[in-house]
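# A closer look at the structure
Single-letter residue listing:
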Amino acid sequence: MPTLFKIMLALALGGHLASAGASATASPEQPSSGVEYATLAATQNTDAGQKIEVTEFFAYYCPHCASFEPVLAEWVKKNSDKIVFKRVHLGHTPAVVPQQRLYYTLESMGIAPQYHAKVFTAMHEQHQRFGNDEQVFDWAAGAGIDRAAFTNAYRSFGIQAKLGRANGMVAAYKVQDWPKIAIAGRYLTSPTQAGSAVTDASEAQQQQMALQVMDHLVAKAAAEKK
């Protein structure tokens, strides 16, 4: 009986160590589907040519999106030769729609690069709410954008179409939390997910882990294109 007990104990310990070893191999540098990132069952269409499409799902009111923005912007700049970067602003509740419409108006006017970060600053440092159209118009005028031109674009059918497409993408990609990064229409990750296997990671550390996972997924998608 003692001998049998020792054998059973050894087998149990061996199984535990093997399991621990498998967990230890998961990391942002060598991420695993279902841990640091997710793989969509159905790949979404992308339009990036030979480059890799990278899409951020975000909302202006989201503090985690605001925190991630400068880190993500630097990563996008560094990888501009490999990727086509796009943003999708969520419009999951009526209260968020003025912010969603604000983003797509900036985009349609070709001035999102100059004003995108300023919207985050207005919301999270200056405590502007953008809870209705007039608040958005007041901010735009105060930021130096022609109020009439902005208002006309904001209320146009073109912006309404962009909102419909954005909402459709959110549903197709099954986005339930943000910021969320989609790569090549197939892979999804985020700072929270990328750092899920690391206990007690700070938000800044999770963001860096997300960039590592994104590097891996961009390379993976590029290899799959070939």
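Residues numbered from 1 in each chain as written. Predicted model: local features only at pLDDT ≥ 70, side-chain atom pairs only at ≥ 80, totals over all residues. Heavy atoms only, no water.

Spatially, the 5 strands line up as an open sheet ordered β1-β5-β4-β2-β3, and their pairing is mixed. Each end of this open sheet is capped by a strand with a single partner; those strands are β1 (38-39) and β3 (83-89). In terms of strand pairing, strand β2 (residues 52-58) meets β3 through 7 bridges, oriented parallel. Directly across from Thr 55, in β3, lies its bridge partner Lys 86. Sheet contacts for helix α3 (residues 97-108): β2 and β3; angle to β3, the most-contacted strand, approximately 145 degrees. Each of β2, β3, β4 (180-183) and β5 (187-189) touches helix α9 (residues 203-225); the most contacted strand, β5, lies at about 175 degrees to it. (Pairing = 2+ DSSP bridges. Helix = DSSP H or I, 4+ residues; strand = E, 2+ residues; numbered from the N terminus. Contact = heavy atoms within 4.5 Å. Axes fitted to C-alpha atoms, helices over the stretch in contact; angles between N-to-C directions.)

Looking at the largest pocket, its volume works out to about 390 Å³. Lining the largest pocket are 18 residues, with Phe 85, Lys 86, Arg 87, Tyr 103 and Glu 107 sitting closest to its centre. Of all the secondary structure elements, the ones that give two or more residues to the lining of the largest pocket are β2, β3, α3, α4 (112-124) and α7 (157-172). When its residues are assigned to classes, the lining of the largest pocket shows 9 nonpolar, 2 polar and 7 charged. (1 Å grid on protein atoms, 1.4 Å probe; cavity = no way out; pocket = protein on both sides within 12 Å on 5 of 7 lines; lining within 4 Å. Points joined across faces, edges and corners; volume = space filled by probe spheres on them. Nonpolar A, V, L, I, M, F, W, Y, C, P; charged D, E, K, R; others polar.)

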